[in-house]
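The primary structure of each chain is shown beneath.
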Amino acid sequence: MAAAVAAAQAGASVALIERAPYLGGAATHSNVLTYCGFWTQADPAVQIVRGVGDDVLREIEILGGDATPVRTASNVVIALLDPEIVKFALDRICERAGVDVLLHATLTDATLAGDRIASVAVYDHGGTGWISAHAFVDASGDADLAARSGAGVRYGGHDGAVQNGTLVVRFGGIEADADTSRTAWERAVRAAKARGLDALTKEHGLVIRIPGSNDVVAYLADEAYDVRDVRSHAAAERRGRRQAWQLLDAIRTLPGHAAAYIVTTGPAIGTRESRHVVAQRPLTEAEVVGGATFPDAVAVGGWPAEHHPGPGLPNRWIRIKDDGAYEIPLGTLHSATHANLFAAGRTLDADPYAFASLRVMGTAFATGQAAGVAAAQTARNGVTKAEHVRSELVRQGALIAAPQPERTLS
Ligand SMILES: Cc1cc2nc3c(=O)[nH]c(=O)nc-3n(C[C@H](O)[C@H](O)[C@H](O)COP(=O)(O)OP(=O)(O)OC[C@H]3O[C@@H](n4cnc5c(N)ncnc54)[C@H](O)[C@@H]3O)c2cc1C
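Residues numbered from 1 in each chain as written. Predicted model: local features only at pLDDT ≥ 70, side-chain atom pairs only at ≥ 80, totals over all residues. Heavy atoms only, no water.

**Things to note about the nonpolar core**
Filter applied, for reference: Residues belong to one nonpolar core when they are buried, are Ala, Val, Leu, Ile, Met, Phe, Trp, Tyr or Cys, and are joined through side-chain atoms within 4.5 Å. Think of it in three bands: with a 1.4 Å probe and only protein chains considered, a residue is buried below 20% of the maximum accessible area for its type, exposed above 50%, and partly exposed in between. What marks off one domain from the next here is an automatic or database domain assignment. Any pair of residues with heavy atoms lying within 4.5 Å of one another is described as a contacting pair.
Counting residues in hydrophobic clusters, the biggest one holds 96 residues, and the most contacted among them are M1, Y35 and I60. Each of domain 1 (2–159 + 273–409) and domain 2 (165–265) contributes no fewer than three residues to this core. Setting aside residues no more than four positions away along its own chain, I60 makes contact with Y35, G65, D66, A67, L81, I85, V86 and A89.

The structure is reproduced here in structure tokens:
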């Protein structure tokens, strides 16, 4: 969405192809109701994603949501989301930008002309149609466009390992003053496992109250699967739902939780990692954690590396130097094989711990906006240069330089 809006703001004619009935990706389709990456973790936190991402935060507030940063018990800074507000906010921003938003439209194939993508096949209930364009952004999460067009892709890290996915579950019926802390839920899950509930894979994870209701979302039903294998993916959804119902059993034993019920799972299991678009300039853990800067920076990240190695295994966190930020160069967004293909969000190329920071949604707005501008300029001129992408991003109000500590303090 950020790529589409930014490309339109840069003067391109843009189609956004989305298979779901709404925009928002994991926020609206997988119950991931916490925007991370918009701010550094310093105290006070500094906003490092502006431009389209900031427009989204403002639109959420116009619609009655609250996008102010919240520091969690784990000392990280997030914004809490109402998924219905997010859906409507994104509709309105795309409409204002003049983006042709095709919902219920699945990209299934692509054609090439030399080292450039020429057109993409889009399936909807009218059949399969083709859309031609001069440049493309793959923000599909799973790098479907790159894979279908024969661009360089890599599944997971260099050893093929991917972070686990999670079926996020939203629970209602919990009393307003009930203790919904991670530790209370962890006790309930451990007791349930001791009682013989055998589907639960994780005891300790994010459990958070959603604004505007007493509902709670829990990021506990971890699963390992391969999205490229439909049976593996489908089995993970079924196992995840089994976990959701066992979680309900578990939490009903807690004070104030007796009337708890499942409001929704997913709808889709949330996939943290699958394919990456092999890029001209992959990002490394040392660069992310060390707060690297680049002369060709086009976006800024500030979420700690948050790595989920697999169901039942503890997450590993590495904070960024001084709780600051790092820059992301244009080459990280540019396909190494296809001249008119740019990547954004969790399709980006990085080593495992760099990716564990890059993948969050605030940063995805920033990389999306940069990819959209780069694609629009490539569509117009055949090529683009970082200096041109950077100046258009600045014109659009995006932040392309990591705030330096001395500036943060002043
Ligand atoms: C369980 C879980 C918890 C997380 N927790 C957080 C968190 O608290 N905060 C945070 O900021 N991030 C979190 N993340 C990470 C974050 O949600 C993702 O990395 C982020 O959503 C990536 O954004 P994206 O736009 O690249 O991909 P996605 O959000 O996955 O969006 C991709 C979009 O492309 C569409 N699409 C895919 N393939 C096709 C196709 N072939 N044709 C048409 N449309 C297609 C999808 O329907 C989807 O709308 C979490 C992730 C998971 C799984």
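**Some details on the site of the ligand**
Condition: When at least one non-hydrogen atom of a residue lies within 4 Å of a molecule or strand, that residue is treated as near it. We define a polar contact as two N or O atoms separated by no more than 3.5 Å, with the added condition that, inside protein, one atom must be a possible hydrogen donor and the other a possible acceptor, whereas residues neighbouring each other in sequence contribute only through side-chain atom pairs. Surface accessibility follows the Shrake-Rupley procedure with a 1.4 Å probe radius. Residue values consider only the protein chains on display as shielding. A run of H or I in DSSP counts as a helix once it spans at least four residues, and a run of E counts as a strand once it spans at least two, with each numbered from the N terminus.
Close to the ligand lie 27 residues; E18, T34, R346, R359 and M361 are nearest. L107 is positioned with one of its backbone polar atoms (N or O) 2.9 Å from a nitrogen atom of the ligand. A distance of 2.5 Å separates an oxygen atom of the ligand from a polar backbone atom of R359. Burial of the ligand by the protein chains amounts to 92% of its free accessible area of 990 Å². Put simply, the parts of the chain that give the shell around the ligand at least two residues each are β2 (34–36), β6 (106–113) and β11 (165–172). When residues of the shell around the ligand are assigned to their parent elements, the largest contribution, three residues, is made by β2.

**Quick word on unusual backbone geometry**
Residue P44 follows D43 across a cis peptide bond; omega there is 5°. By secondary structure assignment, the location of P44 is in the loop between β2 and α3 (51–62). The residue D323 is not glycine, and still its phi comes out positive at about 55°.

**Remarks on the domain arrangement of the protein chain**
How big an interface is tends to be expressed through the accessible area that disappears when the partners come together. Cut-off, in case you're wondering: Here the buried area means the combined drop in accessible surface, using a 1.4 Å probe, for two parts upon being joined, counting both sides.
With domains assigned, the protein chain is organised as domain 1 (2–159 + 273–409) and domain 2 (165–265). Each side of the interface is counted separately: domain 1 has 18 residues, and domain 2 has 21 residues. In this assembly, domain 1 packs against domain 2 so that about 1400 Å² is buried in total across both faces, 58% of it on carbon and sulfur atoms. Summed over the three residues of domain 1 that lose the most area to domain 2, namely N31, Y155 and P311, the buried surface amounts to 37% of that side.

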